[in-house]
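Working through the structure, step by step
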Amino acid sequence: MLDNDEFRSALSQFATGVTVITTLDDEGQPHSMTANAFSSICLDPPTVMVCIAHGTHTFGYLEKTGRFGVNILNREQQDLGAYFAKKPENRTEDLEYHYSKAENGVPILDGSMVFFGCEVLGAHVYGDHTIYVGEVKEMRQNESGAPLMFFASRWYNPSEE
Ligand SMILES: Cc1cc2nc3c(=O)[nH]c(=O)nc-3n(C[C@H](O)[C@H](O)[C@H](O)COP(=O)(O)O)c2cc1C
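Just so we're clear, the structure is a prediction, and the values are computed from it rather than from any experiment. (Residues numbered from 1 in each chain as written. Predicted model: local features only at pLDDT ≥ 70, side-chain atom pairs only at ≥ 80, totals over all residues. Heavy atoms only, no water.)

What surrounds the ligand is a group of 19 residues, the closest being His31, Thr34, Ala53, His57 and Thr58. In this structure, an oxygen atom belonging to the ligand sits 2.7 Å away from a side-chain N or O atom of histidine 31. Interatomic distance of 2.7 Å between a backbone N/O atom of threonine 34 and an oxygen atom of the ligand. Protein coverage of the free-state accessible area of the ligand, which is 650 Å², stands at 84%. Elements supplying a minimum of two residues to the shell around the ligand: strand S3 (30-35), strand S5 (47-53) and helix H2 (57-65). Considering every element that reaches the shell around the ligand, the biggest residue donor is S3, with 4 residues. (Near = heavy atom within 4 Å. Polar contact = N/O pair within 3.5 Å; in protein donor to acceptor, adjacent residues only side chain to side chain. Areas by Shrake-Rupley, 256 points an atom, 1.4 Å probe, with all protein chains shown as cover. Helix = DSSP H or I, 4+ residues; strand = E, 2+ residues; numbered from the N terminus.)

Right, dumping it as structure tokens:
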């Protein structure tokens, strides 16, 4: 049997970028959550995957709408990464951010490095998470900057090590 804490700690040694997954809530309003369980799958068809916990609002919205956005954060967006990692009722800071709308209606978090607008192609349930495979229908790239990163349960800036 694996020890839970040791397993979590070992997983945290995998340095990742940080995304914000955007969906539409039950009123059709933009909803965002921070996620780093994101990966590319293949180029043809253009597919990516995200892994979403069943306890999140995002899970419910994604199940209903079948579409989502992936917004890759840059280093200047750490506050937004922390903000969207909170439950909506705890998002009390007065942060400024704006959304645009993708062709399929999914919200784009303005100022992110990259946006992928996705339609769910497949879903696979494992325990308390679902892995969503999304076909990328739309893509936007801003000028390349430095990415926001996460490592060992903290925001991480390699140039500060
Ligand atoms: C760096 C970081 C990465 C995260 N990655 C994920 C993830 O990949 N999947 C997930 O379900 N939750 C992830 N979370 C937790 C969600 O952001 C958090 O549960 C959030 O409150 C969910 O928002 P919602 O319930 O409004 O959808 C992550 C949190 C942090 C700080």
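Having put the structure on the table, let's press on.
Another point: H2. Taken together, the buried positions of H2 are occupied by Thr58, Phe59, Tyr61 and Leu62. Tucked inside the fold, the buried residues of H2 contact strand S2 (19-24), S3, S5, strand S6 (67-72), strand S9 (114-126) and strand S10 (129-141). (Buried < 20%, exposed > 50% of the residue type's maximum accessible area, 1.4 Å probe, protein only. Contact = heavy atoms within 4.5 Å.)

A few words now on the nonpolar core. By size, the foremost hydrophobic cluster in this structure holds 16 residues, and its most contacted members are Ile21, Val50, Ile52, Phe68, Val70, Cys118 and Tyr132. Elements with a minimum of two residues in this core: S3, S5, H2, S6, S9 and S10. With residues up to four places along the chain from it excluded, the contact list for isoleucine 52 reads Ile21, Met33, Thr58, Phe59, Leu62, Asp128, His129, Thr130 and Tyr132. Core analysis: the second largest hydrophobic core is formed by 8 residues, Val18, Val20, Leu73 and Leu80 among them. (Core = buried A, V, L, I, M, F, W, Y, C linked by side-chain atoms within 4.5 Å.)

This next bit is on the sheet that holds S5. Read from one edge of the open sheet, 7 strands run S3-S2-S6-S9-S10-S5-S4, paired in antiparallel fashion. Either end of the sheet is taken by a strand with one partner, and the two such strands are S3 and strand S4 (38-42). In this sheet, adjacent strand axes meet at a mean angle of 35° when their direction is disregarded. In this sheet, S3 lies alongside S2 in antiparallel orientation, the contact comprising 6 bridges. Residue leucine 24 lies in a different strand from S3, and its bridge partner there is proline 30. Of the strands in this sheet, S2, S3, S5, S6, S9 and S10 are in contact with H2, which crosses S2 at around 55°. (Pairing = 2+ DSSP bridges. Axes fitted to C-alpha atoms, helices over the stretch in contact; angles between N-to-C directions.)

Inspection of the sheet shows S5 paired to S10 by 7 bridges, in the antiparallel sense. Looking at the pairing, cysteine 51 lines up with isoleucine 131 of S10. Counting the residues that bridge the hairpin from S9 to S10 gives 2 residues, and of these glycine 127 lies at a positive phi of roughly 55°.

Attention now moves to the environment of alanine 146. Counting through the fold element by element, alanine 146 comes out in the loop between S10 and strand S11 (149-151). Each C-alpha atom, one on alanine 146 and one on proline 158, is 10 Å from the other, the two residues being 12 residues apart in sequence. The contacts of alanine 146, once residues within four sequence positions are left out, are Asn74, Arg75 and Met113.

Note that every value here comes from positions in space, so none of it alone points to a role or purpose.
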